[in-house]
Amino acid sequence: MAKKVDYKELLQELDMSRLPRHIGIIMDGNGRWAKERKRPRLYGHREGAKSIRQVVELAVELGLEYLTFYAFSTENWNRPEDEVQGLLKLLKERLIKEIPELNKQNILVRFIGSDLNLEPGYLKEIHEVAALTRDNTGLVVNIAFNYGGRLEIVEAIKRIAANPEELNQIDEQLISDNLWTAGQPDPDLIIRTSGESRLSNFLLWQSAYAEIYITATLWPDFDKVALLTALLDYQKRDRRFGGVKQ
Ligand code: IPE
Ligand code: IPE
Ligand code: MG
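Parameters and conventions
Residue positions are given per chain, counted from 1 along the sequence in the order it is written. All chains are assigned letters beginning with A, and all ligands numbers beginning with 1, in the order in which they are written. Only residues with pLDDT of 70 or above have their local features reported here, since the model is predicted, and side-chain atom pairs are shown and tallied only from 80 upward, although totals for entire chains, interfaces and linings are computed over all residues. Note: side-chain values were computed over all heavy atoms of the structure, leaving out hydrogens and water. Note on terminology: near, applied to a residue and a molecule or strand, indicates that one of the residue's heavy atoms is within 4 Å of it. The term polar contact refers here to a pair of N or O atoms within 3.5 Å; inside protein, the definition further demands a hydrogen-donor-capable atom paired with an acceptor-capable atom, and it admits residues adjacent in sequence only when both atoms are side-chain atoms. Note on areas: Shrake-Rupley, 1.4 Å probe, and residue coverage restricted to the protein chains presented here. Counting from the N terminus, the helices are the DSSP runs of H or I reaching at least four residues and the strands are the DSSP runs of E reaching at least two. Throughout this entry, Asp, Glu, Lys and Arg are counted as charged residues, while Ala, Val, Leu, Ile, Met, Phe, Trp, Tyr, Cys and Pro are counted as nonpolar. The remaining residues, Gly among them, count as polar. An axis is simply a line fitted to the C-alpha atoms; with a helix, the fit covers only the stretch in contact. Between two such axes, the angle follows the N-to-C directions and lies from 0 to 180 degrees. What sets the label is the angle itself: under 35 degrees gives roughly parallel, over 145 gives roughly antiparallel, 65 to 115 gives roughly perpendicular, and the rest give oblique. When the near helix sits turned anticlockwise from the far one by under a right angle, the crossing is termed left-handed; a clockwise turn instead gives a right-handed crossing. Only heavy atoms matter for contacts: two residues are in contact if any of them lie within 4.5 Å across the pair. Centres within 6.5 Å are what make two rings of Phe, Tyr or Trp a pair, Trp counting through its six-membered ring; a difference in plane orientation under 30 degrees is then read as stacked, over 60 as edge-to-face, and the rest as tilted. Buried, partly exposed and exposed residues are distinguished by accessible area as a fraction of the type maximum, computed with a 1.4 Å probe on protein chains only: under 20%, between the cut-offs, and over 50%, respectively. Our definition puts a charge over a ring when NZ of Lys or CZ of Arg is within 6 Å of the ring centre and also within 35 degrees of the ring normal. Two strands qualify as a pair provided that DSSP identifies no fewer than 2 bridges between them. What makes a salt bridge here is a side-chain nitrogen of Lys or Arg within 4 Å of a carboxyl oxygen of Asp or Glu, nothing more.

K.L.:
What am I meant to see in the site of ligand 1 here?
P.N.:
As a structural note, the neighbourhood of ligand 1 is formed by 13 residues, with Asp28, Gly31, Arg32, Arg41 and Arg79 the closest of them. The backbone of Gly29 places a nitrogen or oxygen atom 3.3 Å from an oxygen atom of ligand 1. At 2.7 Å, a side-chain N or O of Arg79 approaches an oxygen atom of ligand 1. Contact with the protein chains covers 86% of the free accessible surface of ligand 1, which is 380 Å². Breaking the shell around ligand 1 down by element, the ones donating at least two residues are helix 2 (30–36), helix 3 (41–62) and helix 4 (81–104). Here the element with the most residues in the shell around ligand 1 is helix 2; it accounts for three residues. The residue inventory of the shell around ligand 1, partitioned by class, reads three nonpolar, five polar and five charged.

Encoded structure:
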């Protein structure tokens, strides 16, 4: 029998001085995970919520600064209505449930994404719940919800264009400052589960120099060991940013 990977052993291998500041996660494979078990897709989504908890716990232990979870894309409206409604309901329920623990851990929750197609009452509620964490100063958890990287850039350009003074001062910084992630560092590492090798419209602008890590593990199976494995892989990378090694 293969030796079970020991979480503590992996943790010791990690170089604490070279951790990413910001990790973006494309949580993929919930549907396939459920299908393997002959269960409805929503069962996979519910199980996936447990993986979020594990990742957040380890991020707090390691003292990471920013996590961004891709929870619902602007393209996910193309799914069957019952799955979409199930996802919206699940997100709200989980968020409400996790608030006491999030506050205990000093975690700030922010939504990044569009209001388009979402009911005002629903939006108001999730933003009010997230605001319960607003005074926290520890880990920042972005929930990319109704998020699309292209839409984010379009919205940023519209905002800039509405301000005539800014029109002849457009540069990379101004665009970054008008994205939903304004003020946050770009992700150093993007993790995608379920083996798909694509960004699916996630953090397009911000991930210009992110290291990309793809694992075959389906999201509901992703745990602390899986995150440590990704971090160890990240620490082996040579981040050149277009330069050459001295
Ligand atoms: C990711 O799992 C969750 C969301 C996109 C909301 P999927 O639902 O995409 O799972 P697969 O890709 O069909 O297995
Ligand atoms: C990306 O996963 C979106 C989220 C994880 C929220 P998808 O499953 O929607 O992406 P595609 O359709 O495989 O590109
Ligand atoms: Mg998918």
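K.L.:
What's the story with the packing of helix 4 against helix 5 (residues 120–131) in this structure? I'm lost.
P.N.:
Working note: a packed helix pair is described by the angle between its axes plus the distance between those axes. Running from amino to carboxyl end, helix 4 crosses helix 5 at an angle of 25°, the nearest separation of the two axes being 10 Å. When the axes of helix 4 and helix 5 are compared, the pair comes out roughly parallel. Classified by chirality, the crossing of helix 5 by helix 4 is left-handed. Across from Leu88, Leu91, Lys92, Leu95, Ile96 and Ile99 in helix 4, the residues of helix 5 making contact are Tyr122, Glu125, Ile126, Val129 and Ala130. The residue inventory of the contact of helix 4 with helix 5, partitioned by class, reads nine nonpolar, no polar and two charged.

K.L.:
What should I look at first to understand the packing of aromatic side chains in this one?
P.N.:
Describing an aromatic ring pair means giving the distance of the ring centres and the angle of the ring planes. Evaluation of the coordinates by the stated rule reveals 11 aromatic pairs. Each ring, one from Phe72 and one from Phe145, has its centre 6.0 Å from the other, and the planes form 50°; the classification is tilted. Highlighted residues: Phe72 in strand 2 (residues 66–73) and Phe145 in strand 4 (residues 140–147), separated in sequence by 73 residues. Of the residues examined, Phe145 reaches a relative accessible area of 5% and is grouped as buried. Put simply, the rings of Phe72, Trp77, Phe111, Tyr122 and Phe145 pair up and form one aromatic cluster. Above the face of the Trp33 ring, Arg37 is positioned so that its terminal group lies 3.9 Å from the ring centre.

K.L.:
Sorry if this is basic, but what is going on with the pairing of strand 1 (residues 22–26) here?
P.N.:
Within a regular strand, the side chains alternate between the two sheet faces. By the criterion of burial, strand 1 is predominantly enclosed, with five of the five residues buried. A two-sided burial pattern is seen for strand 1, the buried positions comprising His22, Gly24 and Ile26 on one face and Ile23 and Ile25 on the other. Both strand 1 and strand 2 contribute to a ladder of five bridges, which runs parallel. Note that in strand 2 the partner of Ile26 across the bridge is Tyr70. As judged from the four bridges shared by strand 1 and strand 5 (residues 189–192), these two strands associate in the parallel manner. Residue Ile26 lies in a different strand from strand 5, and its bridge partner there is Arg192.

K.L.:
In this structure, what is going on with the site of ligand 2? I would like to understand it.
P.N.:
By nearness alone, every residue bordering ligand 2 is listed as Ile26, Met27, Asp28, Tyr70, Ala71, Phe72, Ser73, Asn76, Arg79, Arg192, Arg198 and Ser200. In this structure, an oxygen atom belonging to ligand 2 sits 3.2 Å away from a side-chain N or O atom of Asp28. Side-chain polar atom of Arg198 to an oxygen atom of ligand 2: 2.8 Å apart, as the coordinates give it. When isolated, ligand 2 has an accessible area of 390 Å², and the protein chains bury 78% of it. In terms of residues, the shell around ligand 2 owes the most to one element, strand 2, which gives four residues.

K.L.:
I keep staring at the pattern of salt bridges and nothing clicks. Help me out?
P.N.:
Oppositely charged side chains may form a pair once their charged atoms are brought near each other. What the rule picks out here adds up to 25 salt bridges. For Lys124, the salt bridge goes to Glu128, with nearest N and O atoms at 3.1 Å. With a gap of four residues between them, Lys124 and Glu128 both fall in helix 5, about one helical turn apart. Since its relative accessible area comes to 55%, Lys124 is described here as exposed. A relative accessible area of 46% means that Glu128 is categorised as partly exposed. With its nearest N and O atoms 3.7 Å apart, the salt bridge here joins Lys245 to Asp238. In this structure Asp238 comes out as partly exposed when scored by relative accessible area, which is 35%. Among the ionic contacts, a cluster of salt bridges with common partners joins Arg53, Glu57, Glu61, Arg94, Glu98 and Lys224.

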